[in-house]
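# Observations on chain architecture
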Amino acid sequence: MADSIVIIPTYNEKENIERIIRKVFSLEVEFHILIVDDGSPDGTANIVKELQASEFKDRLFIEERKGKLGLGTAYIHGFKWALQREYSFIFEMDADFSHNPDDLIRLRDTCKNGGADMAIGSRYIKGVNVVNWPMNRVLMSYFASAYVRLITRIKIQDATAGFVCFRREVLETIPLDKIKFVGYAFQIEMKFTAIQYGFNVVEIPIIFTDRTLGTSKMSTKIFKEAFFGVIQMKMGSLFKKYER
């Protein structure tokens with residue numbers, strides 16, 4: 001059995017989903033995939049289920065949820081699913097090829113052989129490695145991470161990154177039911193909490209390429225949650241003990 005599972009949340013990703021699944025399964029390291037689909041009206045889930053039935057029964061899995069419930073809750077759902085099984089390395093990855101599936105191997109190696117408990121595919125650890133984003137998106141993302149560092153005092157360069165590998169122990173230790181946020185703030189909260197529990201969080205450089213197919217899920221609401229959520233996280237941490 002594979003020791004690695006890639007969790008991919010989806011909402012209306014019919015243009016990308018088969019391509020990303022086939023790409024991950026073509027890698028030299030064996031990965032399983034869990035799709036967490038939030039009731040995509042475009043038929044994303046049907047494409048996954050057809051691939052599952054015809055070719056990838058023992059490697060491809062899907063959990064369907066009713067309605068668009070948010071990125072954070074999709075990942076929490078996926079984490080709990082993975083922890084019920086024997087996976088040692090649990091990944092977050094987008095469906096739209098903004099994350100290069102080839103980098104899954106580097107993230108895994110950073111955790112398996114490099115001493116990391118949580119490996120982050122970072123856009124900003126070596127300059128700004130973003131392709132096809134408008135400048136306002138680049139600046140918003142870059143300065144969001146600077147803001148996170150200022151408020152929380154963690155040293156992560158790409159705090160909103162969504163391309164991550166966790167060692168199993170991290171997700172077994174973090175109280176997943178107490179993770180509050182659902183958008184970009186979820187990504188910040190997971191990194192912040194892992195560091196508070198004393199885990200070794202390591203960034204490796206990646207090149208992030210904006211989607212060419214499908215529609216971005218970014219919104220002003222998600223950005224506001226991240227902005228104010230950082231302050232809430234920092235204030236809450238002042239009164240909380242983190243032990244493992």
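Conventions and cut-offs
- Every chain is numbered on its own, with residues counted from 1 as its sequence reads.
- At least 70 in pLDDT is required for a residue's local features to be given in this predicted model, at least 80 for side-chain atom pairs to be given and counted, and no such filter applies to totals for whole chains, interfaces and linings, which use all residues.
- Heavy atoms from the whole structure form the basis of all side-chain values; hydrogens and water molecules are not counted.
- UniProt positions are given in the numbering used here, feature names are shortened, and annotations may be inferred rather than shown by experiment.
- The way it works is that DSSP assigns letters per residue, a run of H or I at least four long becomes a helix, a run of E at least two long becomes a strand, and they are numbered from the N terminus.
- Atoms considered for the radius of gyration are the C-alpha atoms alone. The globule rule reads 2.2 Å times the number of residues to the power 0.38.
- Categorising residues by exposure relies on relative accessible area from a 1.4 Å probe, with only protein chains included: less than 20% of the type maximum marks a residue as buried, more than 50% marks it as exposed, and the intermediate range marks it as partly exposed.
- The method behind every accessible area is Shrake-Rupley, applied with a 1.4 Å probe, and residues are considered shielded solely by the protein chains displayed.
- Only four residue types enter the charge count, namely Lys and Arg as positive and Asp and Glu as negative; His and the chain termini do not.
- One atom stands in for each charge, and that atom is NZ of Lys, CZ of Arg, CG of Asp or CD of Glu.
- By this rule the span expected of a helix is its residue count minus one, scaled by 1.5 Å.
- We treat two strands as partners when DSSP finds at least two bridges between them.
- To obtain each axis, a line is fitted to C-alpha atoms, and for helices this fit is confined to the stretch in contact; angles are then taken between N-to-C directions over 0 to 180 degrees.
- Contact criterion: two residues are considered in contact whenever any of their non-hydrogen atoms come within 4.5 Å of each other.

Where an unreviewed UniProt entry is consulted, the protein appears under the name Polyprenol monophosphomannose synthase, with the organism given as Sphingobacterium daejeonense. Its UniProt record gives the protein a comment under Sequence similarities (unreviewed entry), which states: "Belongs to the glycosyltransferase 2 family."

Turning to the overall build of the protein, a few remarks are in order. Of the regular secondary structure elements, the protein holds 8 helices and 9 strands. Here the C-alpha radius of gyration of the protein, 17 Å, is about what a compact globule of 244 residues would show, namely 18 Å. Counting only C-alpha atoms and orienting by the principal axes, one finds that the protein spans roughly 50 × 40 × 35 Å. Among the 244 residues that make up the protein, the fraction classed as buried is 52%. Split by element, the accessible area of the protein, about 11,400 Å² in all, is 52% carbon and sulfur. When the 34 positive and 31 negative side-chain charges of the protein are each reduced to one mean point, those points stand 6 Å apart.

Turning our eyes to something else, we now look at helix 7 (residues 184–196). The end-to-end C-alpha separation of helix 7 is 19 Å, in line with the 18 Å expected for 13 residues at 1.5 Å each. Within helix 7, 10 of the 13 residues are buried, which leaves the element mostly enclosed by the surrounding structure. Among the residues of helix 7, Ala185, Phe186, Gln187, Ile188, Glu189, Met190, Lys191, Phe192, Thr193 and Ala194 are the ones counted as buried.

Strand order in the open sheet formed by 7 strands is 3-2-1-4-7-5-8, with mixed pairing between adjacent strands. Looking at the sheet topology across the chains shown, the edges are occupied by strand 3 (60–64) and strand 8 (201–205). Shown here is a sheet whose adjacent strand axes are inclined to one another by a mean of 20°, direction ignored. Taken together, the 3 bridges between strand 5 (residues 118–122) and strand 7 (residues 164–167) define a ladder with antiparallel strand orientation. Paired with Ile120 across the strands is Val164, a residue of strand 7. Along the sheet face, helix 1 (residues 17–25) touches strand 1 (4–10), strand 2 (32–37) and strand 3 and points at about 160° away from the line of strand 2.

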